[in-house]
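# Remarks on the overall topology
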Amino acid sequence: NEGDWSSDVCSSDLLLPDNLKKTISDMTIEGDINVSGEVQGKLHGDTIPSIMANIDIKHTKYSQKGLPMTLRDINGQIQFNMNSKTSDIQLNKLRVKTGKSAVVLDGNIADLSDRQRCDLQINGNIDFEDIKAFVPDSMQLRGTAKTNLKGNFTVTKRSEERRVGK
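As the structure is a computational prediction, the values presented were derived from the model and not from experiment. (Residues numbered from 1 in each chain as written. Predicted model: local features only at pLDDT ≥ 70, side-chain atom pairs only at ≥ 80, totals over all residues. Heavy atoms only, no water.)

### Things to note about the overall build of the protein
In terms of regular secondary structure, the protein is built from four helices and eight strands. Reading the protein from its N terminus to its C terminus gives the helix and strand order β-α-α-β-β-β-β-β-β-α-β-α. Of the roughly 10900 Å² of accessible surface on the protein, a fraction of 50% belongs to carbon and sulfur atoms. (Helix = DSSP H or I, 4+ residues; strand = E, 2+ residues; numbered from the N terminus. Areas by Shrake-Rupley, 256 points an atom, 1.4 Å probe, with all protein chains shown as cover.)

What follows is the structure, given as structure tokens:
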């Protein structure tokens, strides 16, 4: 659908496991989003069908409660896969801007509902002011950097709490 589809996501969250419903309810997404995919299996109790979706994104804005920034002018493709055991996304040349920074993301984020295991490549220009919420207070970063980073990391509950200042 085109436009603000956050209400559509919330109304269709019956297919989502309980641990993802809270995450979805905290999101605001506005923009041009085209979703195609396939659903196989049955929805019964805690059993959910397998869902595979290809998501094309153009001129989209994303914010989430607890995220210290709004992502804007998002363009690219995402592949989403979820079943009763796993949930992950593949980012394909996803272009994102926030503040004065602009990056292109490629890679995979696995286990979205628990420990988010990230295998990402990030290329672009980053203004350190835009990322200060994600680095320890003891690091005093100023200026900009042209990046070509590739890394593997896991987002845990503790690192999420530190990011939002809890």
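Still to come is the rest of the account.
### Observations concerning the pattern of salt bridges
For the structure shown, the criterion picks out three salt bridges. Ionic pairing is found between Asp73 and Lys97, a salt bridge with its closest N-O pair at 3.4 Å. Of the two residues, Asp73 sits in strand β4 (residues 71-82) while Lys97 sits in strand β5 (residues 87-98), which places them 24 residues apart along the sequence. Among the residues examined, Lys97 registers a relative accessible area of 32% and is labelled partly exposed. A salt bridge links Glu129 to Lys132, with the shortest nitrogen-to-oxygen separation between them at 2.9 Å. Judged by its relative accessible area of 51%, Lys132 is exposed. (Salt bridge = Lys/Arg side-chain N within 4 Å of Asp/Glu carboxyl O. Buried < 20%, exposed > 50% of the residue type's maximum accessible area, 1.4 Å probe, protein only.)

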